[in-house]
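Below, each chain spelled out in residue letters.
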2 protein chains.
Amino acid sequence: MGQQTGRTDAGGRMAGSQSFVPGRPVYIRASACVAGTKEGEGPFRELIDMTGKDDLFGCKTWEEAESTLQKEAVTLALGKAGMQAEQMRYLFAGDLLGQSTASSFGVASFGIPHMGVYGACSTCGETLGLGTMAVSGGMAEHVICVTSSHFASAEKEFRYPLSYGNQRPPSATWTVTGSAAFVLTSEVNQKNRAKITGVTSGKIVDYGIKDSLNMGACMAPAACELIAANLKDFGRKPEDYDRIVTGDLGLVGQRALLDLLKEKNIDIESRHMDCGIEIYDCGTQDVGSGGSGCGCSAVTLSAYILKMLEEGVWKRVLFVPTGALLSKTSFNEGMTVPGIAHGVVIERAA
Amino acid sequence: MGQQTGRTDAGGRMAGSQSFVPGRPVYIRASACVAGTKEGEGPFRELIDMTGKDDLFGCKTWEEAESTLQKEAVTLALGKAGMQAEQMRYLFAGDLLGQSTASSFGVASFGIPHMGVYGACSTCGETLGLGTMAVSGGMAEHVICVTSSHFASAEKEFRYPLSYGNQRPPSATWTVTGSAAFVLTSEVNQKNRAKITGVTSGKIVDYGIKDSLNMGACMAPAACELIAANLKDFGRKPEDYDRIVTGDLGLVGQRALLDLLKEKNIDIESRHMDCGIEIYDCGTQDVGSGGSGCGCSAVTLSAYILKMLEEGVWKRVLFVPTGALLSKTSFNEGMTVPGIAHGVVIERAA
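Residues numbered from 1 in each chain as written. Chains lettered and ligands numbered in written order. Predicted model: local features only at pLDDT ≥ 70, side-chain atom pairs only at ≥ 80, totals over all residues. Heavy atoms only, no water.

### Here we look at the relation of the copies chain B and chain A
Applying a rotation about an axis and a shift along it to one chain copy brings it onto the other copy.
1) Next: You can overlay chain B on chain A at an RMSD of 0.0 Å; the transform is a turn of 180 degrees with a shift of 0.0 Å along its axis. What we have between these two chains is a two-fold relation.
2) Next: Looking at chain B, 100% of its interface residues are interface residues in chain A too, so the copies touch through the same face. (Least-squares fit on C-alpha atoms with pLDDT ≥ 70 in both. Contact = heavy atoms within 4.5 Å.)

The structure is reproduced here in structure tokens:
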């Protein structure tokens, strides 16, 4: 047998019914995010690592532009980590496009063993959960997780090409043009941005909602179930988290989530934050109910949440990207829009 | 903190550059497969657990029919394992449809934490690899992996609706209508069908081929790289495997694979088998170069390969599902068709 590294401290411990605790520490060593012009004009304008001059990023198609976002995010994250692609044992990647082509074409050139993931807009949480499994389990020392979305490629994929000039109800969210990549490692290093101390994996939750222009309402039940499961599995109260952060419920979905949780006697109103609400100035940027897309929670985590943990403003956060499981075909065939959410407990590294 | 189970023997050991060895045994406890009429008339007719009267399986759309395949495969596999859905810690699931909707709608009702995976037709290998990671790492005692494809939903997704009457070149493969599910466990039990003793995860390999009707040629380079990496990582020769089984290269892709491996001085001709060639009688069933789709390798593993291991005809097999990473959009935009392959070493349980 070839070269082997045995780690006796490796492994994970199951917690409750749908969570696990890493058996050895898993750190977010570095991260980077790249975004579009609209995101670059929003509240995170100073915190995003790179924004494009326009949303084509020098490419000929929206899909290529989205692939470029992933490539740039991975390149920047590796650079910040001071690591090479060859050191990454796995790349966990996903996006919203059919057959995940933004990832296939975005990250192939790095030559990292590729784990394609699909969790709709919850993909950032799913990749971080699986990456934590690999590092904690001793199957990897370092992995990288990346996800993306692009407003124009998503409109084309799920609704209409931009040139059609389709109108949108106020409940609709605006797909974030952006990508973020995260290097996970078991190595103790003072540069580590944060520590992953728990993972709660979500079930598909279907309340029978069919309105694909109100995805916040479709995803709120899944977010509610996930948050309740996390608190139960870890024996925690909402106050044990400085923030409970959902991915892209938007203003409409946030209200639904808070109400659903109250029915379970869980009140998170004082510490809830939604990336879709934070990433834009919803009052002036004409984004309807807020931001959405895989890139929404990923960019917010890299640009803002990890910074707050690094600065010690927050100590422990429950990060819960949320996804709506629909396709153009399932919508046209009258199917419902089930939701899913994946949770990651992220704490201050030091 | 809530209920916890610590496993000191949990964890995995890295092998070579892209493989790992489970730190504690991971068994395939049970499996089941469901397939369409054409598959039911092929060489595995006696080995498939259930075939439909027609390929709609009582549904109104091809997509719903594919979801039904997954639901039936999971139900049967759980039944054979003598286990309940609640005992499964994770469900790793994927398919070929945009946004993996066959999985979203097929398995939601089981209420198992859901890990959506996309590896095109290599998905069966990717789900088994991730499932092995979870069980071996101690994050789960039991998990279930499922994947599917359907001829009619795939033609609609990637090419033309059936009613268009599109013609196909001889290099084209025929998407298998089928689904298979596998229950993985760490429990020693005399009913275990086989044991997973290694996982090699594939990189995306792009030789610049653009012909989506010759997917065997698109995927052969990825299969070649994966097999070479597996042999190197585990310090093995082809003779150490009774069979090296690719997913769906078909007759055209098989030739390409054998030639590419010979350039690396690796000769697997005497022990290579391709699920796409085995699942149909390629001479009489009018399937072009052979079968393809996520269901192709999954059904062949459940119906035939595991049976050969159980009966002791084979002792150790390298199972390598292969995927072509394209979408209708990427094809129409003139992109290449990169390939990927995921390898799993499967041995006799006893």
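### A short note on the interface of chain B and chain A
1) Next: Residue-level contacts link 72 residues of chain B with 73 residues of chain A.
2) Next: Between chain B and chain A, the buried area comes to about 6000 Å², and carbon and sulfur atoms account for 61% of it.
3) Next: Of all residues in chain B, B:Met14, B:Arg89 and B:Gln99 give up the largest surface area on contact with chain A, accounting jointly for 14% of the area buried on that side.
4) Next: Across the chain B-chain A interface, the total number found is two salt bridges.
5) Next: Notably, a salt bridge pairs A:Glu333 with B:Lys156, separated by 2.9 Å at the nearest N-O pair. (Buried area = accessible area lost by both parts, 1.4 Å probe. Salt bridge = Lys/Arg side-chain N within 4 Å of Asp/Glu carboxyl O.)

### Overview of the environment of A:Met14
1) Next: Along the polypeptide, A:Met14 turns up in strand E2 (residues 12-15).
2) Next: Counting along the chain gives 300 residues from A:Met14 to A:Trp314, while the straight-line C-alpha distance between them is 26 Å. (Helix = DSSP H or I, 4+ residues; strand = E, 2+ residues; numbered from the N terminus.)

### A word on the confidence of the model for chain A
All names here are of chain A.
1) Next: Predicted confidence across chain A gives a mean pLDDT of 94, with 97% of residues reaching 70 or more.
2) Next: Scored below 50 in pLDDT, residues 1-8 makes 19 contacts in the model with residues more than four places away or belonging to other chains.
3) Next: Interface confidence for the predicted complex, expressed as ipTM, amounts to 0.95; the pTM equals 0.96. (pLDDT = per-residue confidence, 0-100.)

### Here's the deal with the pairing of strand E3 (residues 19-22) of chain A
Residues and elements named next belong to chain A.
1) Next: By the alternation rule, side chains of E3 split into Ser 19 and Val 21 and Phe 20 and Pro 22, which are all buried.
2) Next: Following E2, the chain reverses through three residues before pairing antiparallel with E3; Gly 16 in that reversal takes a positive phi of roughly 55 degrees.
3) Next: Across two bridges, the pairing between E3 and strand E11 (residues 194-200) is antiparallel. Residue pairing in the sheet places Phe 20 in a bridge with Val 199 of E11. (Buried < 20%, exposed > 50% of the residue type's maximum accessible area, 1.4 Å probe, protein only. Pairing = 2+ DSSP bridges.)

### Things to note about the pattern of salt bridges
Residue and element names in this part refer to chain A.
1) Next: For the coordinates displayed, the defined rule picks out 28 salt bridges over all chains.
2) Next: For the salt bridge of Lys 264 with Glu 225, the shortest nitrogen-to-oxygen distance reads 3.6 Å. Pair noted here: Lys 264 is in the loop between helix H7 (250-263) and strand E13 (272-274) and Glu 225 is in helix H6 (residues 215-233), with a separation of 39 residues, a long-range link.
3) Next: One network of salt bridges, in which partners are shared, links Arg 255, Asp 259, Lys 262 and Glu 269.

### Some words on the pairing of strand E6 (residues 90-94) of chain A
All names here are of chain A.
1) Next: Counted residue by residue, E6 has five buried out of five residues, so it is predominantly covered.
2) Next: Alternating residues of E6 divide into Tyr 90, Phe 92 and Gly 94 and Leu 91 and Ala 93, and every residue in both groups is buried.
3) Next: Both E6 and strand E8 (residues 142-149) contribute to a ladder of five bridges, which runs parallel. The partner of Gly 94 across the bridge, within E8, is Thr 147.
4) Next: When E6 meets strand E7 (residues 114-116), the two strands line up parallel, connected through three bridges. For Phe 92, the partnering residue across the bridge sits in E7 and is Met 115.
5) Next: Tracing the backbone out of E6, into helix H3 (residues 101-107) and back to the parallel element E7 gives a crossover that is right-handed. (Right-handed = clockwise from strand over helix to strand, strands pointing away.)

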